[in-house]
Structures are given as structure tokens and as C-alpha cells.
Amino acid sequence: SLLKGYNYLNIQMQNIPPLWLAGGIHDKLYFEKIKNYIANNKLTEKVKILGLVEHSKLVELYSNAFAFIFPSTLEACPHTLIEVMSCQIPMAVSNFDPMPEICGKAAIYFDPYNEKEIASSIQKLLTNTKLRKNLKKNSQKQSELFDWDISASTLVNIIVDSSINQL
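Right, let's walk through the structure included here.

Reading the values: the criteria
Along each chain, residues carry numbers from 1 onward, in the same order as the chain's sequence is written. Totals for whole chains, interfaces and linings use all residues, but because this is a predicted model, local features are given only for residues with pLDDT of at least 70 and pairs of side-chain atoms are given and counted only at 80 or more. For side-chain calculations, the full set of non-hydrogen atoms in the structure is used, while hydrogens and water are omitted. Here, the term nonpolar core denotes a set of buried Ala, Val, Leu, Ile, Met, Phe, Trp, Tyr and Cys residues that are joined through side-chain atoms within 4.5 Å. Each residue is placed in one exposure class: buried if its accessible area under a 1.4 Å probe, protein chains only, is under 20% of its type's maximum, exposed if it is over 50%, and partly exposed if it falls in between. Secondary structure is summarised from DSSP: a helix means a run of H or I of at least four residues, a strand means a run of E of at least two, and numbering begins at the N terminus for each. Every residue pair with non-hydrogen atoms within 4.5 Å of one another is taken to be in contact. Here is the rule: rings of Phe, Tyr and Trp (six-membered ring for Trp) pair when centre to centre is within 6.5 Å. Planes less than 30 degrees apart are stacked, more than 60 are edge-to-face, and the remainder are tilted. Working rule: Lys NZ or Arg CZ, within 6 Å of ring centre, within 35 degrees of ring normal, means a charge sits over the ring. For the purposes of this analysis, a disulfide is any pair of cysteine sulfur atoms at a distance within 2.5 Å. Any two strands between which DSSP finds at least two bridges are classified as paired. Where helices are involved, their axes are fitted lines through C-alpha atoms of the stretch in contact, as for all axes, and angles between N-to-C directions lie from 0 to 180°.

### As for the nonpolar core
Grouped together as the largest cluster of nonpolar side chains are 21 residues, with contacts concentrated most on Val-47, Ile-69 and Leu-125. Of all the secondary structure elements, the ones that give two or more residues to this core are helix H1 (2-12), helix H2 (28-40), strand S5 (107-110), helix H6 (115-127) and helix H7 (129-143). If near-sequence neighbours (up to four positions away) are discounted, Leu-125 is found in contact with Phe-66, Ala-67, Ile-69, Pro-90, Met-91, Ala-92, Ile-108, Leu-131, Arg-132 and Leu-135. Of all hydrophobic cores here, the second largest spans 17 residues; its members include Leu-58, Ile-82, Val-84 and Cys-103.

Printed below as a string of C-alpha cells:
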């Protein structure tokens, strides 16, 4: 759906930035479909498949991105979104749970099965400077909610309070 949305936008607008795809290959047949779609739609100059990127290099990749698009339909806790928010990169993400709970006002949302919504979200990130500025500001605030020290301290307090109440 992301590729279809990107392709739709590529046909509608000129000079859109390239799309970089990062991640490991878990299904070789699906990966072949992706590569065939890219080739059949003449996107080989526009879409770059990075493969699995070492975690140590992800922050650099995020920080240099114009925007981050996350069309996932199944996540438990998408740490990737927290990392991207800490880099203050404007995001368009799936409207499936738990993405809205994680990102709050730090992202715009789309139906991950609707390529026109994906295209529209990418277009907004490319053309709306005020939106980008607000998303960056909100990303910083939202990412600060995810702090390991605060999480650990809160968990310890819950355990201590629970223990005291049982006495």
C-alpha cells in the first residue's frame, strides 16, 4: 500500500523525494512482488531498498529524513515511532492501534490499506510547512513521555505501593 500510495503521488506531483525502505526480508515471495511492483511502475530511480539497517545507524537515517511514513497494521509497541519522534521528524503513520496512542499529536494518520490516503498524507508532509513545524514540536513533547527512568521509577512505585497495601 505504501508503494501504491507513493506511486499515485509520484504521478500527481513532480519532483517528490525518493522513498527509502528499511527492514529485513521476512517473506521472499512478498519481497519479489515488491521489487516487481517497483520495476513495473518505473520506480527504480525513486525507491531505494535499504534492507536491514543496523540499529546504530538508524538515528542517522531518521535524522536525515524529510519525513517518516509508517504503514504498519500490527504492532505491540512500535519503538521505531518513539525513536523517530525523538529525532523530531514529521511522520505519517497508520491509524491502527497502538500508533495513535504512541504518537498522539506528533503524527498525521491514514488508513494503511488506502493508497490515496497514504498519498495525501505524504503530500501534506511535503507541502504544508506549518504542519511540519507543528509535528516536529509535538514530536519532541510526545517522545519525552517515553523515558526508561520514569517508566522504571513508576513500576517500582506501583510494586512498593502494592506490597504495602497487602500488609
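We are not done yet, so read on.
### Focus on the packing of aromatic side chains
Counted according to the given criterion, the structure contains 3 aromatic pairs. On the numbers, 6.0 Å between centres and 20 degrees between planes, the contact of Phe-68 with Phe-70 is stacked. Assigned by exposure class, Phe-68 and Phe-70 land together as buried. In textbook terms, an aromatic cluster arises when at least three aromatic residues are bridged by ring pairs, as seen for Tyr-62, Phe-68 and Phe-70. The ring of Trp-20 carries the charged tip of Lys-48 above its face, separated from the ring centre by 4.7 Å. In this structure, Arg-132 is placed above the aromatic ring of Phe-66, and the distance from its NZ or CZ to the ring centre is 3.7 Å.

### A few points about the state of the cysteines
Scanning the model with the defined rule gives 0 disulfides in all. Considering cysteine sulfurs only, Cys-103 is the nearest to Cys-87, which forms no disulfide, with 13 Å between them. Residue classification places Cys-103 among the buried positions, given a relative accessible area of 0%.

### So, the sheet that holds S5
Note on sheets: strands pair through backbone hydrogen bonds, and any given pair is parallel or antiparallel. Strand order in the open sheet formed by 3 strands is S3-S4-S5, and the pairing between neighbours is parallel. One side of each edge strand has no neighbouring strand; the edge strands of this open sheet are strand S3 (68-70) and S5. Across the sheet, the mean angle separating the axes of adjacent strands is 20 degrees when strand polarity is ignored. Where S3 lies against strand S4 (residues 91-94), 3 bridges are found, and the strand directions are parallel. In the strand pairing of S4, Ile-69 is matched with Ala-92.

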